[in-house]
Amino acid sequence: MPRIPTREEAWEWLCAYNESDSLRRHGLAVEGVMRHFARLAGEDEEFWGVVGLLHDLDYERYPQEHCTKVREILQEKEVDPSVIRAVASHGYGSCSELEPLTRCEKTLYTIDELTGLINAAALMRPGRSVMDMEVKSLKKKFKDKKFAAGVDRSVIEKGCEMLGMELDRVMAESIQGMREVAPALGLDGSC
C-alpha cells in the first residue's frame with residue numbers, strides 16, 4: 001500500500017543512491033527550504049521535507065534519466081504517488097513533462113535552482129556563511145550570469161510567477177530556510 005516515507009527513510013535512500021557529499025548537502029538544503037516554505041503556507045512540513053530530500057534521488061546514478069528513473073525507484077518502494085509526482089515535476093521543461101500544480105510542487109520547482117545559487121554565493125563570502133547573507137547581495141549574483149552559470153535563472157523566475165511571489169521574497173525566505181540548516185550544510189561560518 002503506497003505511503004509517505006519517513007524523513008529517516010528518505011535520507012537513507014538519498015545516501016544510498018548518491019555518494020557525492022555535494023548532492024547530499026543539496027538535498028539537505030532543499031529539504032530545509034521546503035520545510036520553511038511549508039510552515040509559511042501552513043502545509044505539512046514532513047511531507048514537503050521528504051519531497052525536498054528525495055528530489056534528486058536518481059541524479060547521480062541515472063543523470064540521463066533524471067526525474068524519470070526516480071518514479072520507477074519510488075514506485076518499487078511503494079511510495080505514495082503524491083510524493084512521486086512532486087519529486088518528478090521539479091524538472092518540468094528540462095527532464096520532465098509533469099507541470100508543477102500543487103503549492104509544494106511549485107515551491108520545489110522554484111527553489112531547487114535557487115538553493116544552488118545561495119550555496120555558491122555563500123561559499124564566496126569571507127565567512128562562507130548564509131547567516132549574514134542579504135537579498136541585495138544575492139540579487140547581484142543572480143544578475144551576474146557568469147556567476148554560478150549552471151543555475152537556470154529563468155526557472156527561478158518562472159517559479160516565482162507560478163507561486164505568485166516576488167523574487168526578492170522568495171530569495172529572502174530561501175535564505176532563511178537555509179539558515180535553519182546551515183550547520184548541516186557547512187554554511188554557518190564555523191568552518
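The structure contained in this document is the topic of the report that follows. (Residues numbered from 1 in each chain as written. Predicted model: local features only at pLDDT ≥ 70, side-chain atom pairs only at ≥ 80, totals over all residues. Heavy atoms only, no water.)

What about the overall build of the protein chain?
Alright, step 1. When you go through the protein chain residue by residue, the secondary structure sums to 10 helices and zero strands.
Alright, step 2. Listing every helix and strand of the protein chain by position from the N terminus yields α-α-α-α-α-α-α-α-α-α.
Alright, step 3. Taking 191 residues into account, the globule formula puts the C-alpha radius of gyration at 16 Å, and the protein chain, at 15 Å, falls close to it.
Alright, step 4. Viewed in the frame of its principal axes, the protein chain has a C-alpha envelope of about 50 × 35 × 35 Å.
Alright, step 5. Residues counted as buried form 48% of the 191 residues belonging to the protein chain.
Alright, step 6. In the protein chain, 66% of the contacts between residues at least 6 apart in sequence involve partners at least 24 apart.
Alright, step 7. Carbon together with sulfur atoms contributes 49% to the accessible area of the protein chain, which is approximately 9200 Å² in total.
Alright, step 8. Across the protein chain, the 26 positively charged side chains and the 34 negatively charged ones have centroids separated by 7 Å. (Helix = DSSP H or I, 4+ residues; strand = E, 2+ residues; numbered from the N terminus. Rg over C-alpha atoms; globule rule 2.2 N^0.38 Å. Buried < 20%, exposed > 50% of the residue type's maximum accessible area, 1.4 Å probe, protein only. Contact = heavy atoms within 4.5 Å. Areas by Shrake-Rupley, 256 points an atom, 1.4 Å probe, with all protein chains shown as cover. Lys, Arg positive; Asp, Glu negative; His and termini not counted. Charge placed at Lys NZ, Arg CZ, Asp CG, Glu CD.)

A look at helix H4 (residues 69–76)
Alright, step 1. Buried within H4 we find Lys69, Val70, Ile73 and Leu74. What you see down the axis of H4 is that its buried residues fit within an arc of 125 degrees, all on one side. Away from its buried face, by an angle of more than 90 degrees, H4 presents the exposed residues Gln75 and Glu76.
Alright, step 2. Looking at the buried side of H4, the elements it contacts are helix H1 (7–17), helix H3 (45–54) and helix H5 (81–89).
Alright, step 3. Looking at the residues trailing H4, positive phi occurs at Glu78, about 60 degrees. (Arc of directions from axis to C-beta.)

Re the nonpolar core
Alright, step 1. Ranked by size, the top nonpolar core spans 53 residues in total, and within it Val51, Leu54 and Leu138 carry the most contacts.
Alright, step 2. The contact partners of Leu138, leaving out residues within four places of it in the chain, are Leu114, Leu117, Ile118, Ala121, Met133, Met171 and Ile175. (Core = buried A, V, L, I, M, F, W, Y, C linked by side-chain atoms within 4.5 Å.)

Observations regarding the packing of aromatic side chains
Alright, step 1. Under the defined criterion, the tally for this structure stands at one aromatic pair.
Alright, step 2. Across from the ring centre of Tyr17, 4.4 Å away, lies the NZ or CZ of Arg61, which sits over that ring.
Alright, step 3. For Lys69, the ring lying beneath its charged end belongs to Tyr62, and the centroid distance is 4.9 Å. (Phe/Tyr/Trp six-rings, centres within 6.5 Å; stacked < 30°, edge-to-face > 60°. Lys NZ or Arg CZ within 6 Å of the ring centre and 35° of its normal.)

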